[in-house]
Amino acid sequence: MIISTSTVYKDIQSFPPFTSLPSELLIEIFSTCSLTGDWHIPLTLSKVCRLWRDLIVSAPCIWQTIVVLESRRTMSSIRTQAELWVARSSPLPFNVVLKLTDFERLLPIMSCFLPNIARWMRCTITYDGRNFETSLSDLTLSSPRRILHHLDILLKTPFEDVAGDDEDDVIFFSCGSATYRHISMRVATTKLPHTEMVNPLLFTSLDISEAAFEYSVRSPDLLRFLAHCPNLEHLYFHGLSNDEGTLNAPLPSIALPRLHTLLLDQVCNQRSILSHLHLPALRELHLRHINVDYSLEPYYVSEEGDSDDEFHDFSQSPHSDLHTGMGIRKLLSRSHPPLEILDMDLSDMRTKDFRWVFDKLSDLKQFSIVGSDMSDSVVALFMPFVVEDGDGERMSVRLPRLSVLKMYSCQQLSGDALVKALSARVHYTDHATPDATLTTVVISSCNDFTAGNAQELSWDLHDRLHVS
């Protein structure tokens, strides 16, 4: 029902006593009218006369219910409405009623209200005959503070599970302590909505998961979406190893100044992603299931380091090794992060990249690698080496703060090379830098590391060595 200003005015003129009602009663009537479902009711009523306008503008309770009819409206219009209603309902709590015809617009519309999560009490969403209602006050219990925490994006067709076993109707959930409750969101969508985002998403944790090849994310879209997430501290991206092809234009560089943990899992665009992120606070980098044994499209521009690996070591995944190594190089060159943990699970680099990376990671404390084709040339990088400077020659080691080394199912290296490199390393670091020496070494399922090698290495590592 749409109420015109002229109709309201004529009705009032025919019933003069209405204008003499107490202000409190008028405000109660206007508040009830605002619940009818027409989003513009407060604006319409405020145009009747100056008295009504003054009452409506000064009464926050009239603006407490924010009805958003999404159909055929621009995001600019919706944002303007949200900002006006949120401002005029202050300092009271507000409720949001969202009537969607396109579920893809859910996250951009939600971004208009999330900055005021502390005052947001209830959220009602209707879409395609479904109705989802969440009490945010119930999620946060009696906590004095609400904190936006995690955003979980599943790239799929919303509500595609006809059996109803999916959780696409669970938009909000919570975690945290009784003192600080974390408000988190879960959204199903077919694409990252970077083009319609009008407000930053102030979540501190983001998980993006591809559920179908047709909804795979290209790196330009991912980077543009991340530009709307300035507060991220944790970022997890789970792909489906879909090659995005050759990019034909430069990508934007995105700064995430607070991000300290990054995980890329089963992706083929690792180079494009790593090369265009500025992560000055990054402390943990986890790369999982990135190795592929097929050809990948070349990077859109040739960079220093793209030349063939002069070591010519064997690899089952030469193309992904190149992209991973070059991506990490660019990330470290741009960001100079204090990286402490590098975890590579079925994710490899060329020997020349290992050397370049190890030379840069002066803060690394833990290095873990699974299923690598790394050769004895890489193992030798753990050994001390001679450095010449103005004062003559001195000994040094790469990864000078390394304390934890874990190697699983690395079948190309030899046990003798491991014994030689790690024994020499601890002989040096145990005496030269006892506070920054190996404390834990795990060697598991490396076929060429024999029982004899384990016995020999244990003479230097003692109970620091764990073999299986």
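Residues numbered from 1 in each chain as written. Predicted model: local features only at pLDDT ≥ 70, side-chain atom pairs only at ≥ 80, totals over all residues. Heavy atoms only, no water.

The name that an unreviewed UniProt entry assigns to the protein is F-box domain-containing protein, with the source organism given as Suillus fuscotomentosus.

### Let's talk about the side chain of Ser184
Its place among the elements puts Ser184 in strand E7 (residues 180–189). A relative accessible area of 0% places Ser184 in the buried class. Among the polar contacts listed, one links the side chain of Ser184 to the backbone nitrogen of His150, at a separation of 3.2 Å. (Helix = DSSP H or I, 4+ residues; strand = E, 2+ residues; numbered from the N terminus. Buried < 20%, exposed > 50% of the residue type's maximum accessible area, 1.4 Å probe, protein only. Polar contact = N/O pair within 3.5 Å; in protein donor to acceptor, adjacent residues only side chain to side chain.)

### As for the nonpolar core
Ranked by size, the top nonpolar core spans 122 residues in total, and within it Phe113, Trp120 and Phe367 carry the most contacts. Contact partners of Phe113, with chain neighbours within four places excluded, come to Ile66, Val68, Ala82, Val86, Phe94, Val96 and Trp120. (Core = buried A, V, L, I, M, F, W, Y, C linked by side-chain atoms within 4.5 Å. Contact = heavy atoms within 4.5 Å.)

### What about a negative patch on the surface?
Residues Asp376, Asp416, Asp448 and Glu456 make up a contiguous surface patch of negative charge. Tracing the backbone shows Glu456 in helix H14 (residues 451–461). Given a relative accessible area of 37%, Glu456 falls into the partly exposed group. (Patch = residues over 30% accessible without salt bridge, like charges linked within 9 Å, V, L, I, M, F, W, Y side chains within 5 Å. Areas by Shrake-Rupley, 256 points an atom, 1.4 Å probe, with all protein chains shown as cover. Salt bridge = Lys/Arg side-chain N within 4 Å of Asp/Glu carboxyl O. Lys, Arg positive; Asp, Glu negative; His and termini not counted. Charge placed at Lys NZ, Arg CZ, Asp CG, Glu CD.)

### A look at unusual backbone geometry
What you tend to see is this: most non-glycine residues have negative phi, and most peptide bonds are trans. Geometrically, the link from Ser90 to Pro91 is a cis peptide bond, its omega value of 10 degrees lying close to zero. Residue placement: Pro91 occurs in the loop between helix H5 (75–89) and strand E2 (94–100). Positive phi values are uncommon outside glycine, yet His289 reaches one of about 55 degrees. With respect to the helices and strands, His289 occurs in the loop between strand E13 (284–288) and helix H10 (318–335).

### Re the packing of aromatic side chains
Counted according to the given criterion, the structure contains 14 aromatic pairs. Ring plane angle 50 degrees and centroid distance 5.7 Å describe the contact between Phe113 and Trp120, whose orientation is recorded as tilted. Accessibility assignment for this pair places Phe113 and Trp120 in one class, buried. Taking the centre distance of 5.6 Å and the plane angle of 20 degrees together, the rings of Phe132 and Phe159 count as stacked. Of this pair, Phe132 sits in strand E4 (residues 130–135) while Phe159 sits in the loop between strand E5 (145–155) and strand E6 (172–176), and the two are 27 residues apart along the sequence. For the pair Phe132 and Phe159, a shared accessibility class is recorded, and that class is buried. Three or more aromatic residues link up through ring pairs in this structure, and these residues are Phe94, Phe113, Trp120 and Phe172. In this structure, Lys360 packs its charged tip against the face of Trp356, placed 5.0 Å from the ring centre. The side chain of Arg398 reaches across the aromatic face of Phe385, ending 4.4 Å from its centre. (Phe/Tyr/Trp six-rings, centres within 6.5 Å; stacked < 30°, edge-to-face > 60°. Lys NZ or Arg CZ within 6 Å of the ring centre and 35° of its normal.)

### Comments concerning the side chain of Thr189
Positionally, Thr189 belongs in strand E7. Separated by 3.0 Å, the side chain of Thr189 and the backbone oxygen of Lys191 make a polar contact. Sequence-distant contacts of Thr189, that is, excluding residues within four places in its chain, are made with Glu104, Ile153, Leu154, Leu155, Lys156 and Pro158.

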